[in-house]
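The residues making up each chain are set out below.
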Amino acid sequence: QIDELKSLKIKSEDMESVLHGLPTQTASGASGWTYAAMKIIFYEDDLLRGGNCLLLARFIEKLLAGSLRSPLWLWSRAVLIPKKDGRSRPLGIGEAWYRLAGRAAMASVGKGVGAKLLPLQLGCGVSGGGLKDAGKAAPPALRGARLQVS
């Protein structure tokens, strides 16, 4: 619920960690903003980094709380990826600000959420994706079965 997100507080240190880990070779969303641009503007200047991360954390808090309503946050850019058989595979690239907000929220609450969701949900803020507990979530008929990836 949005009411729960209004109380979400993102620490400046979490925002700094998120910015540090942003992949810079990703495509932009509909607005044209990229992770690379965000990283240059908000993270790379050592003297301004702390203030920038705090400012960005407050901005993301407002976005997550619904205080900054705009259709822009949910826009995606569509691209067609050619396949070997001549057909195309559609791909939607979400808005970078929306993706950044998701990363910041997970940095803030991910570990606590992941621990509460185990053993039913894997990979959510849990070191190693919770794979050591994966067998507990599987139905009895599948426990001990080997996964084959092709």
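Scroll up to find the structure this text is about.
Residues numbered from 1 in each chain as written. Predicted model: local features only at pLDDT ≥ 70, side-chain atom pairs only at ≥ 80, totals over all residues. Heavy atoms only, no water.

> Tell me about the pattern of salt bridges, and name the residues and values.
The tally for this structure, following the rule as stated, stands at 4 salt bridges. For E16, the salt bridge identified is with R49, shortest N-O distance 3.9 Å. Of this pair, E16 sits in helix α2 (residues 12-21) while R49 sits in helix α4 (residues 49-65); the two residues are 33 residues apart in sequence, bridging distant segments of the chain. Residue class for R49 comes out buried when judged on its relative accessible area of 16%. Between R87 and D85 there is a salt bridge, and its shortest N-O distance comes to 3.1 Å. (Salt bridge = Lys/Arg side-chain N within 4 Å of Asp/Glu carboxyl O. Helix = DSSP H or I, 4+ residues; strand = E, 2+ residues; numbered from the N terminus. Buried < 20%, exposed > 50% of the residue type's maximum accessible area, 1.4 Å probe, protein only.)

> I'd like a rundown of the environment of F59, residues and numbers included.
When you line up the elements, F59 lands in helix α4. Residues F59 and I10, spaced 49 residues apart in sequence, show a C-alpha to C-alpha distance of 9.8 Å.

> Quick one: what's the story with the packing of α2 against α4, residue by residue and with numbers?
Across the interface, α2 lies against α4 with an axial gap of 8 Å and an inter-helix angle of 100 degrees. Considered as vectors, α2 and α4 are oriented roughly perpendicular to each other. Touching S12, M15, E16 and L19 of α2 are R49, G50, C53, L54, L56, A57 and I60, all from α4. In terms of residue class, the contact of α2 with α4 is made up of 7 nonpolar, 2 polar and 2 charged. (Axes fitted to C-alpha atoms, helices over the stretch in contact; angles between N-to-C directions. Parallel < 35°, antiparallel > 145°, perpendicular 65-115°, else oblique. Contact = heavy atoms within 4.5 Å. Nonpolar A, V, L, I, M, F, W, Y, C, P; charged D, E, K, R; others polar.)

> So, α4: which residues are in play, and what are the values?
Between its first and last C-alpha, α4 extends 24 Å over 17 residues, near the 24 Å set by a 1.5 Å rise per residue. Backbone geometry just after α4 places G66 at a positive phi near 85 degrees. (Expected span 1.5 Å × (residues − 1).)

> Mind laying out the nonpolar core, listing which residues take part and the relevant values?
Core analysis: the largest hydrophobic core is formed by 23 residues, its most contacted members being M15, L19, L56, I60 and L100. Counting residues per element, the ones that place at least two in this core are α2, α3 (35-42), α4 and α5 (96-117). M15 has contacts with I10, C53, L56, A57, I60, L100 and A104, leaving out every residue within four places of it along the chain. (Core = buried A, V, L, I, M, F, W, Y, C linked by side-chain atoms within 4.5 Å.)

> An account of the pairing of strand β2 (residues 88-94) is requested, with residue identities and associated values reported.
Across 7 bridges, the pairing between strand β1 (residues 76-82) and β2 is antiparallel. Following the sheet pairing, S76 is matched in β2 by G94. Counting the residues that bridge the hairpin from β1 to β2 gives 5 residues, and of these G86 lies at a positive phi of roughly 95 degrees. (Pairing = 2+ DSSP bridges.)

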